Amino acid sequence: MSTDLLIQAIVSGLLMGLIYALVAVGLSLIFGLMEIVNFAHGEFLMLSMFFSFWFWALLGLDPLVSLPLVVAALAVIGVAVHYGIIRHILHAPMLAQICATFGLALAIRSGAQLFWTPDFRSITNPLSEGRIEISGIFIGQPQLIAGLVCLAAFIVLWLFVSRTETGLALQATAQDRDAAAIVGIPTDRMFALGWAIGLGCVAVAGAMLSSFLFVFPDVGVNFALLAFVAVALGGFGSIMGSLYAGIAIGLVESLGGVFISPSYKSLIVFSLYFAVVLFRPKGILGRY
Amino acid sequence: MARAPDAALEQARADPVWPAAPRAFKIMGLALVAALAVFPFVFTGTFSHHVMIMIFLHAIMAQSWNVIAGMSGQISLGQALFFGLGAYASAFLYVKWGITPWLGLLVGMAISALVAAAIGIPTLRLRGHYFAIATLIIGISFQIVFQRWEWIGAASGIFMPIERETPWFSLQFHATKLPYYYLSFGLCAIAFFTVWLLQRSRLGMRLLAVRDEPEAAQSLGIDIAWHKVIAFMISGAMMAAAGTFFAQYVLVIDPDRVFSFEISVLALLMAVLGGAGTLWGPALGAAILIPLSEYSRIWFGGTGGAVDLLIYGVLILLICIYQPRGLLVLVTERLRRRGQRNE
Amino acid sequence: MSELLRVEGLSKRFGGVTANEDISFDVRKGEILGVIGPNGAGKSTLFDLITGFQQADSGTVILDGRDITGLRPDRIARMGVGRTFQKLKPFPDLTLLENVMVGALSRTANMHEARDLALEAISFVDLLDKRYAFARELSTGQRKRLEMARAVASGPRLLLMDEVTGGVDQKTIPGLIDLVFALRESGITVLTIEHNMQVMMQVSDRILALQSGKRIAFAKPDEVRKDPLVVDAYLGTVDAA
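A brief structural summary. Please read all numbers here as calculations on a predicted model, not as lab measurements. (Residues numbered from 1 in each chain as written. Chains lettered and ligands numbered in written order. Predicted model: local features only at pLDDT ≥ 70, side-chain atom pairs only at ≥ 80, totals over all residues.)

Moving on, we come to the arrangement of the chains. Comparison of the 2 pairs of chains in contact shows the highest number of contacts for chains B and C. With no contact between them, chain A and chain C keep their nearest C-alpha atoms 13 Å apart. (Contact = placed C-beta atoms within 7 Å.)

Written out as structure tokens, the structure is:
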């Protein structure tokens, strides 16, 4: 019985961890590229959940169907954020950079509250529903699909960054933007691309979450916190670091919830963060 | 030899160490203090008193953030934890053992300073974003702990029983907001005077040096970590004082109210809007943002909370893009240079 | 003359690159010791190792008989070792006077005294009329003087100066050289890095020549000038230019 519980906790932690990882990698990618922490990351997650919700509520499209549309929308927003805001603060003091994304977060969240009210909404009867049983272990189908889609997105991202010419240019820009500019890489466009990909990742995660979580203006906050923890653990700018840290957080949260107390699960995750930060201030795989 | 004539040196020595502010500025300052002192008698509406009290309170909070971030360059996103500690310390002492909040104020400040040291010693090694994220997570952890801590009321918090006999002992005033007005005015004045002194002290100048060029500061024998920890302790104590005042003002506190992340955000936004690192920036930021939020709450009713935050967000975004040094900085620099040239 | 600083077998590697290898020399009280070498010879690394901004892989640094190897930079500074930086580091949002006062505050906690000490140091580098200008508004030459004044105001026994004349226009060089002499007169021992060979030959009592992180000569200017290794590594190219 307790082994079942353990396996159950591990499986659900792993699936949630994959979602956290995808949220975190967007944050990490943007930071690695231009050393800007996107404090509006959770708000973009919230936006993509709302987009999925409205596609379903207004057009009857399931989140799985509208996924490409949501990703495209967030990618466009990402590019707009870069050209409208980030480009102007790239050389500003760090305080201005932090406050700018902060201000953006505040504006998006309160805008959502204003236009969509603080109500909790949910998508009923999504395509992926119910749960499946494999020898006594129950797995929610939406969670399973969400985890797998996020894993797939992660693999696509990794292949893109490490195997394509544009991806390599992206990496070069992250390592040394001046040197990259000298060899003819359009760094500004790389930054915009980074924002598009970063928010695209968030969009995948958000769309998947919308089929089994409530959608409301503050929904992104907790995910953003976990993403910060993941990125701080995995190392800012490290893609694989985000994956490992995301999964680790999902597992710690789930196991802590089962074996210690569900109401302390975020504290347990934060304690893990403090323990790591005390000994490795720049994360386990940090390259800075 | 490249030595300047001694006459020039003698002349320079005759300058005051701190150039006096221009007379126009002094007169304006005195006029402002006088206006604030008589304000409650000119505008007698309770709501206008409330708005002013909120401005004073938030100016203290913004100033607290300013000490750690504006003066020593470490961006804290967890200031709410000191606010909460201050509120809880005095409320708890009063409710459990009948200790006057005046003493609670000092206890809260001391606890906050100690907690700031405990947090600062390991985390102030972290530069920039790492410190910001660490304080963000620590602040939220405090909120979670207080939400679950039964001994101090957990999520329902602390309710201070109404007491009308000895208002200055229990620091509760029910008939009028006037005492709260002058209390917050006084606390705010003390906070700003402290920072004014700090800026003119060895510690304050060294903090600015650490903020601007840590390595150069080190090369002059300045212990960077120690100075930042001291700044964080001062900042924490200041925030705690604001927390105690708030607890006495509302008389009901709970973790979501006094440890809320929004408090950290507000402190930061006001200081940045007015001008981080300047003495008066935090006051200016509070004086702009508080009326905005209090009046929008009236105009827009229940959803006002979202309208003001929306405006805050957009404002701060614009400030960061167009004038990252804050609104006040242009004025002060001009005044300061004019003052020095008029010697 | 007695010895103020002794460096023994100092080595430092960055990844595969050896920045300093087994460097030994001594600095006597009251002398001006110049460090020369082509770009990348390890001069600035040597300064960073002495002042604690980098940790040596091996070797020791002894100041007036006390081992200061591996101490934090601020502790070494408090023991009387001042420095300027090759990449200038003024406090941009402070005025010149405030910059130098921060230095003077290492000697006194009294603001009035600190101000007077700062004014003396500023007068020493001949920038009194700029004292209320913000550091970010000063020219490169003025910022070099600022750094010098700031370091002097902190009351060092030994001052390490990285590239006094680098990056400033030719006209101001004689003034800067006078300053170095004036520093010595005021009782400060000077260890200086220079690119300008003429300046170096003129001001130094002894010269330490580095190449590729190794010491290739350590002697009086006249002898260093004749040293075949130095001529090969450095002087030859300068004369040819």
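Attention now goes to the interface of chain A and chain B. The interface is formed by 33 residues belonging to chain A together with 33 residues belonging to chain B. Mapped onto the side of chain A that touches chain B, the elements with two or more residues apiece are α3 (63-89), α4 (94-116), α9 (219-234) and α11 (265-279) of chain A. When residues in the side of chain A that touches chain B are grouped by element, the largest group, 15 residues, is from α4(A). Grouping the amino acids of the side of chain A that touches chain B by side-chain chemistry returns 26 nonpolar, 7 polar and no charged. (Helix = DSSP H or I, 4+ residues; strand = E, 2+ residues; numbered from the N terminus. Nonpolar A, V, L, I, M, F, W, Y, C, P; charged D, E, K, R; others polar.)

So, on to the sheet that holds strand β2 (residues 17-28) of chain C. All names here are of chain C. Pairing in this open sheet of 4 strands is antiparallel, and the strands run β2-β1-β4-β5 from one edge to the other. Each edge of the sheet is formed by a strand with only one pairing partner; in this case those strands are β2 and β5 (66-67). Across 2 bridges, strand β4 (residues 58-63) lies against β5 in antiparallel orientation. Within β5, the position partnered with Ile62 by the bridge is Asp67. (Pairing = 2+ DSSP bridges.)

Another point: α11(A). Residues and elements named next belong to chain A. Here α11 contains 15 residues, and its C-alpha end-to-end distance of 22 Å stays within 8% of the 21 Å for a straight helix at 1.5 Å per residue. Every buried residue belonging to α11 is among Ser266, Val269, Tyr273 and Val277, and all of these are buried. Around the axis of α11, the buried residues are gathered within 75° of arc, so they sit on the same side. Those residues of α11 that are exposed and aimed more than 90 degrees away from the buried face are Ala275, Leu278 and Phe279. (Expected span 1.5 Å × (residues − 1). Buried ≥ 20, exposed ≤ 12 C-beta atoms within 10 Å, placed from the backbone. Arc of directions from axis to C-beta.)

Our next topic: the sheet that holds strand β9 (residues 206-211) of chain C. Whenever strands of a sheet pair, they do so through backbone hydrogen bonds, lying parallel or antiparallel. Residue and element names in this part refer to chain C. Sheet architecture is open: 6 strands sit in the order β6-β7-β8-β3-β9-β10, paired in mixed fashion. Bordering the open sheet on either side are β6 (81-83) and β10 (214-219), each of which pairs with just one other strand. The mean angle between the axes of side-by-side strands here comes to 15°, regardless of whether they run parallel or antiparallel. Across 5 bridges, strand β7 (residues 158-162) lies against strand β8 (residues 189-193) in parallel orientation. (Axes fitted to C-alpha atoms, helices over the stretch in contact; angles between N-to-C directions.)

This part is about the interface of chain C and chain B. Between chain C and chain B, the residue contacts involve 40 residues of the former and 26 residues of the latter. Of all the secondary structure elements, the ones that give two or more residues to the side of chain C that touches chain B are α2 (73-78), β6, α3 (96-104), α4 (111-124) and α6 (173-185) of chain C. The biggest single contributor to the side of chain C that touches chain B is α4(C), with 8 residues. Grouping the constituent residues of the side of chain C that touches chain B by class yields 19 nonpolar, 8 polar and 13 charged.

For the rest of this paragraph, the subject is the packing of helix α1 (residues 2-34) of chain A against α9(A). All names here are of chain A. The interhelical angle for the contact between α1 and α9, taken along N-to-C directions, is 65°, at an axis separation of 8 Å. Seen from above, α1 lies across α9 with right-handed handedness. Within the contact between the two elements, α1 uses Tyr20, Ala21, Val23, Ala24, Leu27, Ser28 and Phe31 and α9 uses Phe223, Leu226, Ala227, Ala230, Val231 and Gly234. By residue class, the composition of the contact of α1 with α9 is 11 nonpolar, 2 polar and no charged. (Left-handed = near helix turned anticlockwise from the far one by under 90°.)

Looking now at the environment of Leu267(A). Checked against the element boundaries, Leu267(A) lands in helix α11. Taking the C-alpha atoms as reference, Leu267(A) lies 9.5 Å from Gly256(A); in sequence the two are 11 residues apart. In this view, Leu267(A) contacts Ser141(B) and Ile144(B); residues no more than four positions away in its chain are not counted.

Residue and element names in this part refer to chain A. By the bridge criterion, 4 bridges tie strand β1 (residues 131-134) to strand β2 (residues 137-140) in an arrangement that is antiparallel. Bridge assignment links Arg131 to a residue of β2, and that residue is Gly140. Between β1 and β2, which pair antiparallel in sequence order, lie 2 residues; one of them, Ser135, sits at a positive phi of approximately 35°.

Next up on the list: the environment of Phe39(B). All names here are of chain B. Take Phe39: it is sitting in helix α2 (residues 23-42). Under the C-beta neighbour-count criterion, Phe39 is labelled partly exposed, with 15 such atoms within 10 Å. Put simply, Phe39 and His49 are 10 residues apart on the chain and 8.5 Å apart in space, counted from C-alpha to C-alpha.

Spatial relationships are all this shows, so hold off on functional conclusions.
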